[in-house]
Amino acid sequence: MVNHFNINFTRHRRSSGLNQLLIVYIFSIYFSPFAYSEEIPEHFTGVRPIGMGDAFTAVANDENAIWTNPAGIGRVRKARSRGAFSLVKFPNVIGGTNSDGYNFSKAYQGSAEKSVDEIVAEAQNLANKPFWARAAAFPVTLFNAGREEPMAFGLLSNTTAKIVIPSETPEIARIEAVSDVGGVLSLGFTTMANRFNIGVQARPIARYAYEDRIPSQDLLNKGVMTERLKAGANKSQAVAADAGIMMTLGDFWFPTLGMAVLNLPVGCKSNYLNPFTEKPERVCGTVFSGDFANADAISTVDPTDIRVGVSITPRLTQKLAVRLAIDGHHIPAGDSVSGSYGLQGVEVSKLIHAGAEFFVGNPLLPSPFSLRTGYSQGFPTAGMSVNLGVLALDVAAFGRDVSSTSKPIQDTRYLGSLSLDF
């Protein structure tokens with residue numbers, strides 16, 4: 001994964017080759033089906049926010065602020081105790097799969113000598129239950145340019161892969177794989193009391209993506225899959241920008257308000273096929289450019305994501321407290337003709353996020369132990385963190401809708417992260 005940390009776009013072809021190998025590796029391990037999913041595409045989210053329903057816009061008090069609300073990079077440490085460095089996390093690796101991963105791999109064991117019909121017959125009970133896998137690393141440092149100017153710098157490698165043989169068309173498989181390599185530079189401003197924060201950041205991204213339909217039998221041949229990825233992948237790049245603001249109404253056990261705009265509308269793309277309305281529209285956000293084998297792929301644009309949230313941190317006992325948070329994500333603005341800032345037609349239940357985090361210790365410092373629960377995109381979430389000195393472990397479970405009809409079908413997924421914190 002460390003070899004992925006190369007954001008020099010003149011070497012993009014070399015890094016795309018590494019991404020290609022990682023995608024092929026994931027597929028070759030599982031040979032696993034992916035059902036068409038109407039989940040909202042999000043290419044990187046940290047483990048801790050997912051555990052509490054991704055309701056993090058008004059919480060954002062660790063490195064996950066970079067991906068949820070850049071204003072929060074100033075809240076990693078108490079204002080009066082800031083030094084040159086607030087936090088260093090390395091290697092900060094993340095991995096995960098879904099609950100059906102084992103069943104898929106078992107169904108495909110020894111399948112190289114079987115026909116597609118035989119394979120589908122063995123896996124009929126797996127219809128509409130996708131395989132999903134993710135591998136990522138995000139080493140990052142949060143530091144201070146001045147007493148009131150927090151900053152962050154990190155490198156990112158993030159690959160997500162999905163694949164399915166639909167029960168209605170078993171001879172055709174659908175594949176979606178996106179691999180990002182890039183970095184982030186964040187700059188914030190905070191008051192001395194650290195109750196008002198703003199933040200902005202830039203994220204250069206090199207993306208290698210493959211989204212297509214292929215004959216199901218090709219999934220059994222690693223060589224054929226490699227050639228398809230070479231010939232049919234999109235190799236692109238972009239520079240994304242984000243901004244956010246946070247304000248605490250009084251001390252830290254009073255409500256905190258947060259607002260963030262991720263993927264600021266630095267560009268727009270016409271005739272983008274909205275997966276929710278199934279209609280073409282003009283979508284604004286981070287628009288990728290480069291070598292496109294499939295110009296209609298969803299990953300050619302990361303739509304603007306407008307988020308608002310509120311949180312509160314009441315103490316339950318002298319040593320135990322709870323964070324309660326509620327968010328609205330992907331709030332649509334504009335229209336599909338002149339420009340949509342966020343996807344139109346998304347169900348309200350998928351826009352609402354809520355969570356609770358029970359933790360011990362000082363609310364202004366990293367907790368040695370915490371438990372989480374939440375609600376995200378219509379399904380429950382859960383998570384836990386353990387900090388053992390410099391060793392930090394986070395785990396989370398969450399659900400996503402993988403139904404192609406109006407009746408939701410939950411796919412349960414699991415993530416874990418491991419890092420050394422300094």
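Residues numbered from 1 in each chain as written. Predicted model: local features only at pLDDT ≥ 70, side-chain atom pairs only at ≥ 80, totals over all residues. Heavy atoms only, no water.

Caption draft 1: Structural context of the state of the cysteines. Inspection of the entire model under this criterion finds one disulfide. Between the sulfur atoms of C268 and its disulfide mate C284 the distance is 2.0 Å. Torsion about the S-S bond of the C268 and C284 cystine: about 95 degrees, corresponding to right-handed handedness. A residue pair is termed long-range when its members are at least 10 positions apart, and C268 in strand β9 (residues 267-273) and C284 in strand β10 (residues 280-287) qualify at 16 residues. You can call C268 partly exposed: its relative accessible area is 30%. (Disulfide = S-S within 2.5 Å. Helix = DSSP H or I, 4+ residues; strand = E, 2+ residues; numbered from the N terminus. Buried < 20%, exposed > 50% of the residue type's maximum accessible area, 1.4 Å probe, protein only.)

Caption draft 2: Here's a closer look at a nonpolar patch on the surface. On the surface, V93, L388, V390, L391, L393, V395, L418, L420 and F422 cluster together into a nonpolar patch covering about 730 Å² of accessible area. Every element with two or more residues in the nonpolar patch is listed here: β20 (391-401) and β21 (410-421). The biggest single contributor to the nonpolar patch is β20, with three residues. With respect to the helices and strands, L388 occurs in strand β19 (residues 379-388). What makes L388 exposed here is its relative accessible area of 57%. (Patch = residues over 30% accessible without salt bridge, like charges linked within 9 Å, V, L, I, M, F, W, Y side chains within 5 Å. Areas by Shrake-Rupley, 256 points an atom, 1.4 Å probe, with all protein chains shown as cover. Salt bridge = Lys/Arg side-chain N within 4 Å of Asp/Glu carboxyl O.)

Caption draft 3: Structural context of the pattern of salt bridges. With the rule as written, the count across this model stands at 14 salt bridges. With its nearest N and O atoms 2.9 Å apart, the salt bridge here joins D421 to K89. Of the two residues, D421 sits in strand β21 while K89 sits in strand β1 (residues 85-98), which places them 332 residues apart along the sequence. Judged by relative accessible area, D421 falls into the buried class, the value being 16%. With a closest N to O distance of 3.9 Å, K230 and E227 form a salt bridge. Highlighted residues: K230 and E227, both in helix α6 (residues 222-232), separated by three residues, approximately one helical turn. Shared partners join several salt bridges into a network, and the residues in it are R48, D62, R323, E357 and R372.

Caption draft 4: Highlighting the environment of R400. Note on placement: R400 falls in strand β20. Classification of R400 by relative accessible area gives buried; the value is 5%. Sequence separation between R400 and K350 is 50 residues, and the spatial gap between their C-alpha atoms is 9.6 Å. Ignoring anything within four residues of it in the chain, the contact list for R400 reads E39, E42, S376, Q377, F379, I409, Q410, D411 and R413. One polar contact links R400 to S376, side chain to side chain, over a distance of 3.4 Å. (Contact = heavy atoms within 4.5 Å. Polar contact = N/O pair within 3.5 Å; in protein donor to acceptor, adjacent residues only side chain to side chain.)

Caption draft 5: The arrangement of the packing of aromatic side chains in detail. Evaluated as defined, the whole model comprises four aromatic pairs. Where F44 meets F138, the ring centres are 5.9 Å apart and the plane angle is 65 degrees; that geometry is what we call edge-to-face. In this pair, F44 is assigned in the loop between α1 (12-30) and α2 (47-51) and F138 in the loop between β2 (131-137) and β3 (140-146), connecting sequence segments 94 residues apart. F138 carries the same exposure label as F44, and that label is buried. Considering the side-chain rings of W132 and F398, the 5.9 Å spacing of their centres and the 90 degrees angle between planes classify their relative orientation as edge-to-face. With a gap of 266 residues between them, W132 in strand β2 and F398 in strand β20 connect regions that are remote in the sequence. Accessibility assignment for this pair places W132 and F398 in one class, buried. Ring-pair connections join several aromatic residues into one group, and the members of that group are F44, W67 and F138. (Phe/Tyr/Trp six-rings, centres within 6.5 Å; stacked < 30°, edge-to-face > 60°.)

Caption draft 6: A look at the environment of V395. The topology assignment puts V395 in strand β20. Setting aside anything within four residues of it in sequence, one finds V395 in contact with V47, A382, G383, M384, L415 and G416.

Caption draft 7: Focus on α6. Residues M225, T226, L229 and G232 constitute the buried set of α6. End-on, the buried residues of α6 take up no more than an arc of 155 degrees, which puts them together on one face. (Arc of directions from axis to C-beta.)

Caption draft 8: Quick look at the pairing of β3. Pairing geometry for β1 and β3, over four bridges, is antiparallel. Within the sheet, the bridge partner assigned to V88 lies in β3 and is T141. Pairing of β3 with strand β4 (residues 149-164), which is carried by six bridges, proceeds in the antiparallel orientation. Within the sheet, the bridge partner assigned to V140 lies in β4 and is G154. Where β3 folds back onto β4 in an antiparallel hairpin, the turn is made up of two residues. (Pairing = 2+ DSSP bridges.)

Caption draft 9: Here's a closer look at the side chain of D401. Among the secondary structure elements, D401 is positioned in strand β20. Given the relative accessible area of 5%, D401 is considered buried. One polar contact links D401 to K350, side chain to side chain, over a distance of 3.2 Å.

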